[in-house]
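The residues making up each chain are set out below.
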Amino acid sequence: MATLSYAARDSRTMLRRNLKKALRYPSLTLTVVIMPIVMLLLFNYVFGSALGSGISALPTGSGAYIDYLAPGIILMAATSGSLTAAISVCADKTEGIVNRFRTMPISRASFLTGHVVGTVIQTMISVALVAGVALLAGFRPDATPLEWLAALGLLALLTLALTWISAGIGLVAKNVETASNIPMPLTFLPFLGSAIVPPESMPAGLRWFAEYQPFTPVIETLRGLWLGTGIGDSGPLAVAWCLGLSLAGYLWARRAFKTGAKR
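Basis of the calculations
Residues numbered from 1 in each chain as written. Predicted model: local features only at pLDDT ≥ 70, side-chain atom pairs only at ≥ 80, totals over all residues. Heavy atoms only, no water. Helix = DSSP H or I, 4+ residues; strand = E, 2+ residues; numbered from the N terminus. Buried < 20%, exposed > 50% of the residue type's maximum accessible area, 1.4 Å probe, protein only. Contact = heavy atoms within 4.5 Å. Areas by Shrake-Rupley, 256 points an atom, 1.4 Å probe, with all protein chains shown as cover. Patch = residues over 30% accessible without salt bridge, like charges linked within 9 Å, V, L, I, M, F, W, Y side chains within 5 Å. Salt bridge = Lys/Arg side-chain N within 4 Å of Asp/Glu carboxyl O. Lys, Arg positive; Asp, Glu negative; His and termini not counted. Charge placed at Lys NZ, Arg CZ, Asp CG, Glu CD. Axes fitted to C-alpha atoms, helices over the stretch in contact; angles between N-to-C directions. Parallel < 35°, antiparallel > 145°, perpendicular 65-115°, else oblique. Left-handed = near helix turned anticlockwise from the far one by under 90°. Nonpolar A, V, L, I, M, F, W, Y, C, P; charged D, E, K, R; others polar. pLDDT = per-residue confidence, 0-100. Phe/Tyr/Trp six-rings, centres within 6.5 Å; stacked < 30°, edge-to-face > 60°.

This part covers the overall build of the protein. Along its length, the protein carries 13 helices and zero strands. When the helices and strands of the protein are listed from N to C terminus, the series reads α-α-α-α-α-α-α-α-α-α-α-α-α. When each of the 263 residues of the protein is scored for burial, the buried share is 46%. Of all intrachain contacts in the protein linking residues separated by at least 6 positions in sequence, the fraction that spans at least 24 positions is 82%. If you sum the accessible surface of the protein, you get close to 13000 Å²; carbon and sulfur atoms cover 67% of it.

Our next topic: a positive patch on the surface. Taken together, the side chains of R12, R16, K20 and R24 present a region of like positive charge at the surface. Within the fold, K20 resides in helix 1 (residues 2-24). Residue K20 is classed as partly exposed on the basis of its relative accessible area of 45%.

What follows covers the packing of helix 4 (residues 65-82) against helix 12 (residues 215-227). Orientation of helix 4 relative to helix 12, taken along the N-to-C sense of each, is 125 degrees, at an axis distance of 9 Å. Considered as vectors, helix 4 and helix 12 are oriented oblique to each other. By crossing handedness, the relation of helix 4 to helix 12 is classed as right-handed. Contacts between helix 4 and helix 12 involve D67, Y68, P71, G72, I74, L75 and T79 from the first element and F215, V218, I219, E220, L222, R223, W226 and L227 from the second. Tallied by class, the residues present in the contact of helix 4 with helix 12 amount to 10 nonpolar, two polar and three charged.

Turning our attention to the confidence of the model for the protein. Per-chain confidence: the protein averages 83 in pLDDT, with 86% of residues scoring 70 or above. Predicted confidence in the protein is weakest over helix 3 (residues 48-52), with a mean pLDDT of 68, and strongest over helix 12, with 93.

For the rest of this paragraph, the subject is the packing of aromatic side chains. Here the structure, examined in full by the defined rule, presents seven aromatic pairs. Judged by centre distance (5.1 Å) and plane angle (85 degrees), the rings of W164 and Y250 are edge-to-face. Of the two residues, W164 sits in helix 8 (residues 145-172) while Y250 sits in helix 13 (residues 234-262), which places them 86 residues apart along the sequence. When its relative accessible area of 12% is taken as the criterion, W164 is described as buried. A relative accessible area of 33% places Y250 in the partly exposed class. When the centroid spacing of 5.5 Å and the interplanar angle of 40 degrees are considered together, the rings of W208 and Y212 count as tilted.

Dropping the structure here:
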């Protein structure tokens, strides 16, 4: 019990350190928020009429493409925000602060825990800001408070999974530039799912990829919760993907941290 108490205390200290650092250097957080907002405005106001005219997956009584688009863009905010952990972790590693922490009488897990929890908090704030812009742009969800809670919980779970993966990337990357470039494909992977158009409208090979990649069931679950379009088996698949990625990312990050300690 004492060990857990010390680990929790050290993790809180690391969390406070990372949040203060984010407040002092907000440029990365602002960049993460701006990109999904630009994508939202671009696809809604520039391509919306062309793309939305052929989408039959909109809820009954809604003809607005923004209702189909917004869940995918909000998910993009979650993916973009969570991947910033790679940059912050790698920056600490290359600046030598990680080696200093290893010589101090603190919990080994607190360094990664502080980064992961701090990134999840920042990312959920970014998600809320992007969702607010989507509402201003005409997004009209028809969800109960419980459905909103479930949607936010799913986004938080996905953010946690990607943040652990991102932390592992930051630990194995040689420099900050590499750490910022490696996760970039994950940021745009939702576009190869159902974020912009239904997979049914895609060519056969791309359609297969879009239907079976991890982000599509998450997007469809968010649409079902917010718009009442139905969830089907997307909900269990989304949760399973998030839990699996969380476990894989956690084990990888922990192993990378221990391997670095032995060098």
